Amino acid sequence: MVEIKLHNSRTRKKEIFAPIDPSDVRIYVCGPTVYDRAHLGNARPVVVFDLLYRLMRHVYGENHVTYVRNFTDVDDRINATALARREAGAAGSLEELIAERSEETIRWYHEDMDALGALRPAIKGNPEGAEPRATQYIDQMIGMIEGLIASGHAYAAEGHVLFSVASYKAYGRLSGRSVEDMIAGARVEVAPYKRDPMDFVLWKPSTDDLPGWDSPWGRGRPGWHIECSAMSYELLGESFDIHGGGIDLQFPHHENEIAQSCCAHPKAEFARVWMHNEMLQVEGRKMSKSLGNFFTVRDLLDQGVPGEVIRFVFLGTHYGKPMDWTEKKRAEAEATLRQWCALLEGVEPTGPDADLVAALADDLNTAGAIARLHAMAKEIAANPQKDCFYEKGVMLASAQMLGLLSDELGDWVAAPDVDLSGLAERLAAARAAAMESKDFSKVDELKNALIAAGVEVRMSKAGVELLPGPGFDAAKLEGLE
């Protein structure tokens, strides 16, 4: 069997992975809060842990891996979004607007992540259960909170229930921070009902106009952290193999999960291995709305960037390093995928290359895996006299193990059958006239209209070449001839 090594954030070292039960490898990954579209940074952990899921299925068998990823559908941001919609005149009660927004956002999330080639999470015999919604597990959360109070790890105060951080001596071990550092670096809510500034909310009261459930502490709703602890326990048990998420969740979310789960089940391990992907940048800068470089996955898809290209760019950087999304990387990824599709046209996949599998087994070394695909493509192209049928089948199976070159994702590669020669001649003539008059306004106008229609414009001394690119829309060319 392939030996898998993973970097464990808890121990801060790469370790040989040994599942608790090889017949049921169990993975939990924190999913989205469903109040808006997923931005590009939200998509990175989806691709990272989708790849881990694919690797585990390859090594242990498709029916021997359980993968759970939740939806947080009770949250103050969801409430705020619904309140804003009601104030803007949307029809329906607040409860109806919250439900409507949650359903809409979950549908968006599935559509966008499907476009990236991500497999849906799965539990054998329970396909719907692999994507639990927090609102489906309120009773289990209340039960866990009651147990924490009974064991002295939590206390009720003014309609709230708070976890006592001082009661768990290992608090901070995951993030490697002292309590003093955590107080200094975190936005700690100061409240008179807290015994300690670091104590965090397990349950909080709800006003009449906000979602709420009856509990021993009054009508209220759960805190964020208890949700994942309750859902992972119900679906994966007291101890499971891997817990994943973005590095931004390591503290406080994952630190708090560990504290409340280990105190609720003191004889269990909770998660044996913790994996965290690093953050995403855009053109070397942090993605933010203020910098004008913030965009969602849907923004890119609507601009004609194929989901497979987005996935390829993500895979080019190891998950443990910050990733930089650039236009150059996008163009290179698209060109590479087009070349590989042409090279492997008409081929059926066989089995993945052993060296590529070994790269993935070495803490998801995706850069090494892609380098192996490049080497395979080079070897095949260097032997044009041979059909290389077997080698091509291995390469295709290897690419598909990375979630690339699947039948579902490959439709974008085929260029539309369209004659752009007339427009190329017109642009060449306009350029020639502009060279004489030094007035390039008409050239720029025509070029911009072509680009807006999804046409790739290539101008050189040899002439003008027009090619249908991603997002090509023939309707936008009407009136240009």
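In the block above lies the structure referred to throughout.
Here the structure is a predicted model, which means the values were calculated and not measured.

### Some remarks on the sheet that holds strand S12 (residues 285-286)
- Spatially, S12-S11-S13 is the arrangement adopted by the three strands of the open sheet, whose pairing is mixed. The sheet is open, and its two edges are formed by S12 and strand S13 (323-325), each paired on a single side.

### Re the environment of Leu-52
- Position of Leu-52 relative to the elements: it lies in helix H1 (residues 40-60).
- For Leu-52, the residues in contact, after removing those within four places along its chain, are Leu-6, Ile-27, Ile-242, Met-275 and Leu-364.

### Considerations on the pairing of strand S1 (residues 5-8)
- Covered by surrounding structure in S1 are Leu-6 and Asn-8 only, the residues Lys-5 and His-7 on the alternate face being uncovered.
- Two successive antiparallel strands, S1 and strand S2 (residues 13-16), enclose a turn made up of four residues, where Arg-12 displays a positive phi of approximately 60 degrees.

### Notes on the sheet that holds strand S5 (residues 154-157)
- Pairing in this open sheet of four strands is antiparallel, and the strands run S5-S6-S7-S8 from one edge to the other. Strand pairing shows two members of the sheet lacking a second neighbour, S5 and strand S8 (220-222), which therefore form its edges. On average, each strand axis in the sheet is inclined to that of its neighbour by 20 degrees, with strand direction left out of account.
- In this structure, S5 lies alongside strand S6 (residues 160-163), joined through four bridges in antiparallel fashion.

### Looking at the packing of aromatic side chains
- The final tally for this structure, using the stated rule, is nine aromatic pairs.
- Geometrically, the ring pair formed by Tyr-28 and Phe-240 is tilted, given 6.5 Å between the ring centres and 55 degrees between the ring planes. Of the two residues, Tyr-28 sits in strand S3 (residues 25-29) while Phe-240 sits in strand S9 (residues 239-246), which places them 212 residues apart along the sequence.
- Measuring from centroid to centroid gives 5.3 Å for Phe-240 and Phe-270, while their planes differ by 80 degrees, and the two rings are edge-to-face. With Phe-240 in strand S9 and Phe-270 in strand S10 (residues 270-277), this residue pair connects regions lying 30 residues apart in the sequence. Both residues of the pair, Phe-240 and Phe-270, count as buried.
- Aromatic rings pair up to connect Tyr-28, Phe-240, Phe-270 and Trp-274 into one cluster.
- Taking the ring centre of Phe-294 as reference, the NZ or CZ of Lys-289 above it sits at 5.2 Å.

### Brief notes about helix H14 (residues 421-437)
- Between its terminal C-alpha atoms H14 stretches 24 Å, which fits the 24 Å expected from 17 residues at 1.5 Å a residue.
- Along H14, the positions that sit buried rather than exposed are Leu-423, Ala-424, Leu-427 and Ala-434. Down the axis, H14 shows its buried residues gathered within 100 degrees of arc, on one side only. Along H14, the residues that are exposed and aim more than 90 degrees away from the buried face are Glu-425 and Glu-436.

Basis of the calculations
Residues numbered from 1 in each chain as written. Predicted model: local features only at pLDDT ≥ 70, side-chain atom pairs only at ≥ 80, totals over all residues. Heavy atoms only, no water. Pairing = 2+ DSSP bridges. Helix = DSSP H or I, 4+ residues; strand = E, 2+ residues; numbered from the N terminus. Contact = heavy atoms within 4.5 Å. Buried < 20%, exposed > 50% of the residue type's maximum accessible area, 1.4 Å probe, protein only. Axes fitted to C-alpha atoms, helices over the stretch in contact; angles between N-to-C directions. Phe/Tyr/Trp six-rings, centres within 6.5 Å; stacked < 30°, edge-to-face > 60°. Lys NZ or Arg CZ within 6 Å of the ring centre and 35° of its normal. Expected span 1.5 Å × (residues − 1). Arc of directions from axis to C-beta.

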